[in-house]
Structures are given as structure tokens and as C-alpha cells.
Amino acid sequence: QVQLVESGGGLVQAGDSLRLSCAASGLTFRWLAMGWFRQAPGKEREFVAAISWSAGDTDYADSVKGRFTIYRDNAKNRMYLQMNSLKPEDTAVYYCTADTVYGRRRANDYSYWGQGTQVTVAS
């Protein structure tokens, strides 16, 4: 019944920007955290960024700090990932996720996932 739907991916050139969006529906619990992970072919799913839903505290992987910004619109129940200065190594499927505890960086710590949206950065 819980659905997380990502959108906004695409094919861009190195240095370009994209904004990913995640729309949530069907939640019946108090959700304390949402975040973004990414997975490139042949690699494990890695942490990108997380945000506490109520306070807006944020956490970023070192690889994206200073380039990506995670934020949420409480009124619209949507979460976003603004990605600037994209690099070829950012190429991956990006997944929206949610759970009850903020501050975790392991994929196995999150309960719900979207279907993913492809981001491809050409060099």
C-alpha cells in the first residue's frame, strides 16, 4: 500500500543539473526520514542523502556534498534531490526511500523504496 514514485531522471552532459522528485502515498506511520540511494551497474546500492521529515536535518555522502541538495515540501508531501555539477560517476539508477529513523546510511536499514529513475551523465 505504500508507494514511493521517483521522477526527473534523464540524460545530461557533465556539468549539467537535474532535479529528482519523490512522491509518497499510502503511509500510515510517522515517518522520520526519507532519502536517496543510487545503484550503478555491477555495484551495490549506495547512500546519497537523507533528510529528517519534521526538522529538515540533512546528511550527505562525501561524494555528493556541495553538489547535491536534498529538501522536502511538507505541504505537497514530496522530496527532492537537486543535483548540480553532475559527473559521469553520478550515472546510476536513483531510488527514493523512507523509514522511521533518521541518520542511517545502509540500504538494508530502509523499509520502503521507489522504482528508481535513471540518471545518465555523458562525458
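Residues numbered from 1 in each chain as written. Predicted model: local features only at pLDDT ≥ 70, side-chain atom pairs only at ≥ 80, totals over all residues. Heavy atoms only, no water.

**Notes on the overall build of the protein chain**
Helices and strands together make up the secondary structure of the protein chain, namely 0 helices and 11 strands. In the protein chain, the succession of helices and strands from N to C terminus is β-β-β-β-β-β-β-β-β-β-β. At 13 Å, the protein chain has a C-alpha radius of gyration in line with the 14 Å of a compact globule built from 123 residues. Once the C-alpha set of the protein chain is aligned to its principal axes, its extents read approximately 45 × 30 × 25 Å. Relative to its 123 residues, the protein chain shows a buried fraction of 38%. A sequence separation of at least 24 residues applies to 57% of the contacts in the protein chain between residues at least 6 apart. Of the roughly 6500 Å² of accessible surface on the protein chain, a fraction of 45% belongs to carbon and sulfur atoms. In the protein chain, 14 side chains carry a positive charge and 12 a negative one; their mean positions are 3 Å apart. (Helix = DSSP H or I, 4+ residues; strand = E, 2+ residues; numbered from the N terminus. Rg over C-alpha atoms; globule rule 2.2 N^0.38 Å. Buried < 20%, exposed > 50% of the residue type's maximum accessible area, 1.4 Å probe, protein only. Contact = heavy atoms within 4.5 Å. Areas by Shrake-Rupley, 256 points an atom, 1.4 Å probe, with all protein chains shown as cover. Lys, Arg positive; Asp, Glu negative; His and termini not counted. Charge placed at Lys NZ, Arg CZ, Asp CG, Glu CD.)

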